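Structural features, examined
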Amino acid sequence: MGVEAHATNERVTGRRWTVRLDPVGRGRADVRVSCSRPACAAQVLPSAAAGRTAAIGHLKAHLRAGPAPRPSAQCACRAEECHTHIRPAGPRERPVPWRCGGAVVLAVITDREGRWWQVMECCSRCAAAHPTAKVVATAPAVEAPARSDGFRADAAAPTTPAGIAPPGGPAATTPTFSAAGPHFSHSATATAAGTAVPQQTSAPRSDHRSDPHSAPRSARPPRRRPPRGRIAQRLVPHDLRPVALRDELTELGELFRAYQARTEPDLAMLADLHARKAEAFHAWAEATADTGLRLDARRAEQAAATARLQHLHRIGQAPDGEGPAVARLLTAPAQWNHARSVLAHVAETAPLPGAEARLLVVMVTLRTAQSGVGNLVGQDIKGLPLSDPEQLVGQLVESGWLGISGTVEELIASRPENPTQITVPSLTPDEDDPGPFTFGRKLRPKLSGWAQRVVGEKKLRKGKTEAGVRLLALALATGSDGEGRLGPGGEGIGVDTLSSWCAVDPGDLPALVDRLTAADWLAEADITGTHLTGKLTERVLPLGCPLT
């Protein structure tokens, strides 16, 4: 009793700290990385990927610099009364008050979404109770203190590996050891410890264990369990049957991790992996009656269908039972929504009136959308239908909306080998304002190239259409459905909305519609006092951004 109380009083609470990844604000792409340790200041990163990389690096730095787990530490999760500590004490077991069992370890626990990482100094049994825990260090074993009567402290009250005292408790003064193998509380044989081995008094058994030539159990190698597989943050049980299902789940986990390490995506392969995962999880759910596994199987089926559809769109094929797919310049719904967000931002913040100024602002915004900085050459401006490009650029510079590294004349005369750097202060992000757009650096040139293809389309360029017609082409490309019908469900687009976007009077809009119809952009066009209906021609469908 005195030895146990002394050991418990000397124990200290295990360490624990958390690294979190939180959004800075609604609708913003930047994230905040924070650490619960008092000496660590929070930092803001521009994207979730960058924040996750910084959080993992910060956690690894703590693990490298921090001390190893202490053998005498009290389990950190004991203070929160975790379920492995709270268990009924039966007549033959007495719970140890400071840990459940096993060595003290340093474990890292994370959530499935990768939003937080927690380091905890705890016992190995509690670490094993967490499905996402990874043990990064284990405390060395500590010899029990010697007693004044010559016995080791743990020999007077031997415990089981689970930390439970045997029947009889500490009152047993003379421990007895079995010849079958070593006990938890000693490492030598009973003869070496000076303790007599009880002789067999009953009649010998008739089975193979009575053979004097058979090897004792202690000489047999320990039975090792096969390594456990992991898939979708789940551990595959050792005893899962049938064995073919266990092997399939283990192999799928390895294949998913190998796919994540690829440098280039393969959507067809990903769809097949998700389909196999759905089938395996359905079988796993039937074997274990786990509702969570059934839900994961349904999600895997949905992921397989989505990946397969994306693959067909990328290669220009149609799903089974559908018509020919359109090979669009912008391929994903997220890209279409970002294109609409750029046009909406320009409509709200254009610094100058008129269709020509609006068209120039659109193209410059797409060149500088990510960082507020970009490059222009003279052909980029002279290729637009502007009556006086030098004067228009000068007005944008005078208004403070646009900044250029040289003069307007130098910008108009610049060539691709010597571009002019431009800046748009309202698009430049800072610590307080990350900017109006949330798309990444790789998407910006795709959006800019898409707008250039629309406004510079061959028939619009040869027909020498004015800026208002090309702005209308942009509006219709982002305001039609997957079949090219204008407006949601083909109900048309409001005339007031189109005239506001094109920076023209509503009475001038029919002339712009006629120009687009003549250029084979529009078919079945009908403009009334409130709406423009019709559909894009099949020729320009690849330039569309369908409404979702």
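Residues numbered from 1 in each chain as written. Predicted model: local features only at pLDDT ≥ 70, side-chain atom pairs only at ≥ 80, totals over all residues. Heavy atoms only, no water.

1. A few points about the packing of aromatic side chains
Remark: the centre distance and the inter-plane angle together describe each pair of aromatic rings, the angle taken between the planes. All chains considered together, the criterion is met by two aromatic pairs. Note on Phe-437 and Phe-439: the rings are 5.5 Å apart at their centroids and 25° apart in plane angle, and the pair reads as stacked. Here Phe-437 and Phe-439 have matching classes, each one buried. A cation over a ring is seen here: Lys-277 above Phe-256, with NZ or CZ 5.8 Å from the ring centre. The ring of Phe-281 has Lys-277 lying over it, and the distance from NZ or CZ to the ring centre is 5.5 Å. (Phe/Tyr/Trp six-rings, centres within 6.5 Å; stacked < 30°, edge-to-face > 60°. Buried < 20%, exposed > 50% of the residue type's maximum accessible area, 1.4 Å probe, protein only. Lys NZ or Arg CZ within 6 Å of the ring centre and 35° of its normal.)

2. A closer look at the packing of helix H8 (residues 333-349) against helix H13 (residues 443-455)
In contact at an axis separation of 11 Å, H8 and H13 are set at 65° when each is read in the N-to-C sense. Overall, the two elements H8 and H13 adopt an arrangement that is roughly perpendicular. For the crossing formed where H8 meets H13, the hand is right-handed. Counted together, Gln-335, His-338 and Ala-339 of H8 and Leu-443, Lys-446, Leu-447 and Trp-450 of H13 form the full contact between these two elements. Here the contact of H8 with H13 is built from residues that sort into four nonpolar, two polar and one charged. (Axes fitted to C-alpha atoms, helices over the stretch in contact; angles between N-to-C directions. Helix = DSSP H or I, 4+ residues; strand = E, 2+ residues; numbered from the N terminus. Parallel < 35°, antiparallel > 145°, perpendicular 65-115°, else oblique. Left-handed = near helix turned anticlockwise from the far one by under 90°. Contact = heavy atoms within 4.5 Å. Nonpolar A, V, L, I, M, F, W, Y, C, P; charged D, E, K, R; others polar.)

3. Digging into the sheet that holds strand S15 (residues 522-527)
Working definition: the strands of a sheet are paired by backbone hydrogen bonds and lie parallel or antiparallel to each other. Judged by pairing direction, the sheet is antiparallel, and its three strands sit side by side in the order S14-S16-S15 without closing on themselves. Of all strands in the sheet, those bounded by a partner on one side alone are strand S14 (493-494) and S15. Pairing analysis gives four bridges linking S15 to strand S16 (residues 531-536), with the strands arranged antiparallel. Within S16, the residue paired with Ala-523 across the bridge is Lys-535. Docked against the sheet, helix H17 (residues 509-518) engages S15 and S16, running at close to 165° with respect to S15. (Pairing = 2+ DSSP bridges.)

4. What to know about empty space enclosed by the protein
Inspection of the entire model under this criterion finds three cavities of 30 Å³ or more. In this structure, the largest cavity encloses a volume near 80 Å³. If you go around the largest cavity, the residues you meet are Leu-360, Met-363, Val-364, Arg-367, Leu-376, Asp-380, Ile-381, Leu-384, Ser-448 and Gln-452. Elements with a minimum of two residues in the lining of the largest cavity: helix H9 (355-368), helix H10 (378-382) and H13. Top contributing element to the lining of the largest cavity by residue count: H9, with four residues. (1 Å grid on protein atoms, 1.4 Å probe; cavity = no way out; pocket = protein on both sides within 12 Å on 5 of 7 lines; lining within 4 Å. Points joined across faces, edges and corners; volume = space filled by probe spheres on them.)

5. Side note on the packing of helix H15 (residues 467-478) against H17
Closest axis-to-axis distance for the H15/H17 pair is 9 Å, and the angle between their directions is 75°. The orientation of H15 with respect to H17, classified from their angle, is roughly perpendicular. Of the residues in H17, those in contact with Gly-468, Val-469, Leu-472, Ala-473 and Leu-476 of H15 are Leu-509, Leu-512, Val-513, Arg-515 and Leu-516. Here the residues of the contact of H15 with H17 are counted per class, giving eight nonpolar, one polar and one charged.

6. Looking at the state of the cysteines
Enumeration over the complete set of coordinates arrives at zero disulfides. Here Cys-40 is not cross-linked by a disulfide; its sulfur's nearest cysteine counterpart is in Cys-35, at 3.9 Å. (Disulfide = S-S within 2.5 Å.)

7. Comments concerning the sheet that holds strand S11 (residues 373-376)
Across the sheet, three strands lie side by side as S11-S13-S12; this open sheet has antiparallel pairing. Each having just a single partner strand, S11 and strand S12 (403-404) make up the two edges of the open sheet. Bridge analysis of S11 against strand S13 (residues 420-423) gives four bridges, and the strand direction is antiparallel. Counterpart to Val-373 in the pairing with S13 is Thr-423. On top of the sheet, H9 reaches S11 and S13; it is set at about 120° to S11, its chief contact.

That is the geometry; function is a separate question.
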